[in-house]
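Single-letter residue listing:
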Amino acid sequence: MPAKKIFILNGHPGETSLSRRFAETYATAARAAGHEVRVTNLSDLAFDDDFGQGNYENYKPLEPDLQQVLGDIEWSDHLVLATPMWWGGLPARLKGLIDRTFLPGRTFDTRNTGLGGMPAPLLSGRTARVILTSDTPGWAMRLLYRRALIWQLRRQILGFVGVKPTRITWFAGASRPTSGLIEKWTRKVHAIGATAA
């Protein structure tokens, strides 16, 4: 398998978390398999996560840390996002990072539209893996919530800017896992990282 350039974003705002463990596990396995890996922890970044009163013509200049994240995404062949699901969505700080960095001219092109008037994606040619943790049981995710966050990540965020396919690895019961479950999940993440999938 050819070596990939992999950017891993731990999207949990805390300094310690399952998301961080999974991001580091994936990185270790991918590096051992010969891939070039960059890792960023959301908790280490300094930026204003509020898009504020601006718009796409008059938005806040990106802080150096956001410029670096966007540069790492553009550098990569494969993007890995490790994040919890909170209240059916992404942590606010992670959503703020997306709001601030996924801008026209860098991630999509509003001047060049395709079928149905959708802006042209500018990050095509990249794939993604999302490692998602939650407390929501599988039946509720499917029947009550209709997998809304998974749809949002695949289609409305990553797919919108051209990153696809996006594969999802989802671990439920993350707040109070049974004995041995975290180790089992970690082995699964390691296996995925070893194949850079």
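Model, not experiment: these values are computed from the prediction.

Student: Quick question: what am I supposed to make of the overall build of the chain here?
Tutor: Helix and strand counts for the chain stand at six helices and seven strands. Taken from N to C terminus, the helices and strands of the chain fall in the order β-α-β-α-β-α-β-β-β-α-α-β-α. Relative to a compact globule of 197 residues, whose C-alpha radius of gyration would be 16 Å, the chain shows 17 Å and is just as compact. Judged by the C-alpha coordinates and their principal axes, the chain covers about 50 × 40 × 35 Å. The 197 residues of the chain split such that 47% are buried. Restricting to contacts in the chain with at least 6 residues of sequence separation, those with at least 24 account for 76%. Surface accessibility of the chain: about 10200 Å² in total, with carbon and sulfur atoms responsible for 52%.

Student: Would you explain the packing of aromatic side chains in this entry?
Tutor: Between two aromatic rings, the relevant description is the distance of the centres plus the angle of the planes. Scanning the entire structure with this criterion turns up three aromatic pairs. Seen from their ring centres, Phe-22 and Phe-171 are 5.3 Å apart, and the 50 degrees between their planes marks the pair as tilted. Of this pair, Phe-22 sits in helix α1 (residues 18-32) while Phe-171 sits in strand β7 (residues 166-172), placing them 149 residues apart in sequence. Take Phe-22 and Phe-171: they sit in the same class, and that class is buried. Between Phe-171 and Trp-185, the aromatic rings sit 5.0 Å apart at their centres with planes inclined by 20 degrees, giving stacked as the arrangement. Taken together, the residues span a long stretch of sequence, with Phe-171 in strand β7 and Trp-185 in helix α6 (residues 181-194) at a distance of 14 residues. You can call Phe-171 buried: its relative accessible area is 4%. The ring of Trp-75 has Arg-38 lying over it, and the distance from NZ or CZ to the ring centre is 3.8 Å. The cationic tip of Arg-93 hangs over the ring face of Phe-47; the distance from NZ or CZ to the ring centre is 4.0 Å.

Student: I tried to follow the sheet that holds strand β1 (residues 5-10) on my own but got confused; where do I start?
Tutor: Backbone hydrogen bonds hold the strands of a sheet together, and the pairing may be parallel or antiparallel. What the five strands build is an open sheet, ordered β2-β1-β3-β6-β7; its pairing is parallel. Two strands lie at the open edges of the sheet, namely β2 (36-41) and β7, each paired on one side alone. Taking each pair of neighbouring strands and ignoring which way they run, the sheet shows an average axis angle of 15 degrees. When β1 meets β2, the two strands line up parallel, connected through six bridges. What sits directly across from Leu-9, in β2, is Thr-40.

Student: When you look at the pairing of strand β4 (residues 108-113) in this model, what are you seeing that I'm missing?
Tutor: The side chains of a regular strand alternate between both faces of the sheet. Here β4 pairs with strand β5 (residues 119-121) via three bridges, running antiparallel. Of the residues in β5, the one forming a bridge with Thr-113 is Pro-119. Linking β4 back to β5 in an antiparallel pair, the connection comprises five residues, with Gly-116 at a positive phi of about 80 degrees.

Student: Help me understand α1 in this model?
Tutor: Since the α-helix packs 3.6 residues into each turn, any two residues three or four apart lie on the same face. Taking 1.5 Å per residue as the helical rise, α1 with its 15 residues ought to reach 21 Å, and the 21 Å between its terminal C-alpha atoms agrees with that figure. All of the buried residues along α1 are Leu-18, Ser-19, Arg-20, Phe-22, Ala-23, Thr-25, Tyr-26, Ala-27, Ala-29 and Ala-30. Where α1 is buried, its residues touch β1, β2, β3 (78-84), β6 (127-134), β7 and α6. Taking the backbone nitrogen of Ser-19 as reference, a side-chain oxygen 3.4 Å away marks Ser-17 as the first, capping residue of α1. Looking one or two places after α1, you find Gly-34, whose phi comes out positive at around 95 degrees.

Student: Help me understand a positive patch on the surface in this model?
Tutor: A cluster of basic residues, Arg-142, Arg-147, Arg-154, Arg-155 and Lys-164, forms a positive patch at the surface. Inspection of the secondary structure puts Arg-155 in helix α5 (residues 148-158).

Each value, and the rule that gives it
- Residues numbered from 1 in each chain as written.
- Predicted model: local features only at pLDDT ≥ 70, side-chain atom pairs only at ≥ 80, totals over all residues.
- Heavy atoms only, no water.
- Helix = DSSP H or I, 4+ residues; strand = E, 2+ residues; numbered from the N terminus.
- Rg over C-alpha atoms; globule rule 2.2 N^0.38 Å.
- Buried < 20%, exposed > 50% of the residue type's maximum accessible area, 1.4 Å probe, protein only.
- Contact = heavy atoms within 4.5 Å.
- Areas by Shrake-Rupley, 256 points an atom, 1.4 Å probe, with all protein chains shown as cover.
- Phe/Tyr/Trp six-rings, centres within 6.5 Å; stacked < 30°, edge-to-face > 60°.
- Lys NZ or Arg CZ within 6 Å of the ring centre and 35° of its normal.
- Pairing = 2+ DSSP bridges.
- Axes fitted to C-alpha atoms, helices over the stretch in contact; angles between N-to-C directions.
- Expected span 1.5 Å × (residues − 1).
- Polar contact = N/O pair within 3.5 Å; in protein donor to acceptor, adjacent residues only side chain to side chain.
- Patch = residues over 30% accessible without salt bridge, like charges linked within 9 Å, V, L, I, M, F, W, Y side chains within 5 Å.
- Salt bridge = Lys/Arg side-chain N within 4 Å of Asp/Glu carboxyl O.
- Lys, Arg positive; Asp, Glu negative; His and termini not counted.
- Charge placed at Lys NZ, Arg CZ, Asp CG, Glu CD.

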